[in-house]
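# Structure at a glance
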Amino acid sequence: MELILVRHALPQRIEREDGKPADPRLSEEGRRQAERLAEWLGAESFDAVYASPLRRARETAQPLATTLGLSVKIEPGVIEFDPASDSYIPMEELKSGDYGRWQQLVTGGLLEGIDVDRFRVTVVTSLEALIGAHPSQRIVVVCHGGVINTWTAHVLGMEKTLFFDPTYTGISRFLAASSGERSVASLNELAHLRPVIVAKG
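Report follows, based on the coordinates. Please read these numbers as outputs of a predicted model, since none were measured by experiment.

### Some words on the overall build of the chain
Check the secondary structure of the chain and you find 6 helices and 8 strands. Along the chain, helices (α) and strands (β) appear in the sequence β-β-α-β-α-β-β-α-α-α-β-α-β-β when read from the amino end. Residue burial in the chain is summarised as follows: out of 201 residues, 45% are buried. Restricting to contacts in the chain with at least 6 residues of sequence separation, those with at least 24 account for 68%.

### Some details on the pairing of strand β3 (residues 48-51)
Taking every second residue as pointing to the same face, both faces of β3 are buried, with Ala 48 and Tyr 50 on one and Val 49 and Ala 51 on the other. One ladder, built from 4 bridges, connects β3 with strand β6 (residues 138-143); its direction is parallel. Paired with Val 49 across the bridge in β6 is Val 140. Bridging between β3 and strand β4 (residues 72-74) involves 3 bridges; their strand directions are parallel. Looking at β4, one finds that Val 49 is bridged to Val 72. Handedness of the β3-helix α2 (residues 55-68)-β4 crossover: right-handed.

### Concerning α2
For the α-helix, the turn length of 3.6 residues means that residues three or four positions removed from each other point alike. Taking 1.5 Å per residue, 14 residues should reach 20 Å; α2 reaches 20 Å between its end C-alpha atoms and fits that length. Its axis deflected by about 30° at Gln 62, α2 carries its strongest bend there, up to four residues before the proline Pro 63. Among all positions of α2, only Arg 56, Ala 57, Thr 60, Ala 61, Pro 63, Leu 64 and Ala 65 are buried. Once α2 ends, the next one or two residues include Gly 69, with phi positive near 75°.

### What about unusual backbone geometry?
Backbone geometry places Thr 169, a non-glycine residue, at a positive phi of 65°. Mapped onto the fold, Thr 169 is located in the loop between α6 (145-156) and β7 (171-176). A relative accessible area of 0% places Thr 169 in the buried class. Unusually for a residue other than glycine, Asn 188 sits at a positive phi of about 60°. Mapped onto the elements, Asn 188 comes out in strand β8 (residues 182-189).

### What about the packing of aromatic side chains?
Counted according to the given criterion, the structure contains 3 aromatic pairs. A centroid spacing of 5.7 Å and a plane angle of 90° characterise the contact between Phe 81 and Phe 119, whose relative ring orientation is edge-to-face. Of this pair, Phe 81 sits in the loop between β4 and β5 (87-88) while Phe 119 sits in helix α5 (residues 116-133), and the two are 38 residues apart along the sequence. You can call Phe 81 buried: its relative accessible area is 13%.

### A closer look at the sheet that holds β3
On the basis of which strands lie adjacent, the open sheet formed by 6 strands has the order β4-β3-β6-β1-β7-β8 and mixed pairing. For this open sheet the edge positions go to β4 and β8, each flanked by a neighbour on one side alone. Neighbour-to-neighbour, the strand axes of this sheet turn through a mean angle of 25°, independent of strand direction. Two elements, strand β1 (residues 2-7) and β6, share 6 bridges in a ladder whose sense is parallel. Along β6, the bridge assignment pairs Arg 7 with Cys 143.

### Brief notes about the nonpolar core
In this structure, Leu 3, Leu 5, Leu 127, Ile 139, Val 141, Cys 143 and Trp 151 are the most contacted members of the largest nonpolar core, which totals 22 residues. Elements with a contribution of two residues or more to this core: β1, β3, α5, β6, α6 and β7. Among the elements that take part in this core, α5 stands out by supplying 6 residues, more than any other. The contacts of Cys 143, once residues within four sequence positions are left out, are Leu 5, Val 6, Arg 7, His 8, Ser 52, Val 78 and Ile 148. Counting 15 residues, the second-largest nonpolar core is a separate cluster that includes Ile 4, Leu 37, Val 49 and Val 140.

The rules we used
Residues numbered from 1 in each chain as written. Predicted model: local features only at pLDDT ≥ 70, side-chain atom pairs only at ≥ 80, totals over all residues. Heavy atoms only, no water. Helix = DSSP H or I, 4+ residues; strand = E, 2+ residues; numbered from the N terminus. Buried < 20%, exposed > 50% of the residue type's maximum accessible area, 1.4 Å probe, protein only. Contact = heavy atoms within 4.5 Å. Pairing = 2+ DSSP bridges. Right-handed = clockwise from strand over helix to strand, strands pointing away. Expected span 1.5 Å × (residues − 1). Bend = angle between axes of the 7 residues up to and from the residue. Phe/Tyr/Trp six-rings, centres within 6.5 Å; stacked < 30°, edge-to-face > 60°. Axes fitted to C-alpha atoms, helices over the stretch in contact; angles between N-to-C directions. Core = buried A, V, L, I, M, F, W, Y, C linked by side-chain atoms within 4.5 Å.

Okay, structure coming up:
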C-alpha cells in the first residue's frame, strides 16, 4: 500500500496569555496552499484521507477530501508532540525571532518536557494501524512536521527523531509491503507550490 504524509498548511501565529492550547486556524496563505494541494493530489486516486485532530491539519485536509469525494477521518495518534502549547510560531518566524529554540528543534531535540520515546511509539503504532487497515490501498494523512520526521526516521532506521524541516503542505510518500517492509518513495514534494505560469498568446 502507499502512505502519503502531508504537513499541514501555514497557520496563523498565536501566542495566548491564558495558558490554553493555541490550536490556530490556517492563515490566508495557508488556505491557498491547501487549495493547491487539493488540486495537485486531487488528480490522483486515494481510498481515504486522515488528519490530526488539530485545526490546522483538519483545515488542510478538507479541500483535498472534498475534491476526492471523501470525508476527513480524524486520527489522534498523528497529533504533534506539543498539542497543549499556548503558542504557535511558524518555523520561519521562529528561526528569525528565537534562534535558540529553532536550533534545538532542528538539531534533533524536541522541546523540553516532551517524552520523545512515547511520541515515537504513538506515531509509529498509529501509522502502522492505518497501514494495516488499508491493504493494497492509497491513503493521505495530513499531520505535522514532528510526525513526518518520526515516521521517516523509523523507516530509515535512524536514531535521530528530528532531522529535516518539512515545508508547509510538503508531500512525503512511503510504500508499505504486506510482508512488513517499509520504504521511502519521496520526501517533501513541493511541485504544487511552484508559481503558476500563465501562457501568453
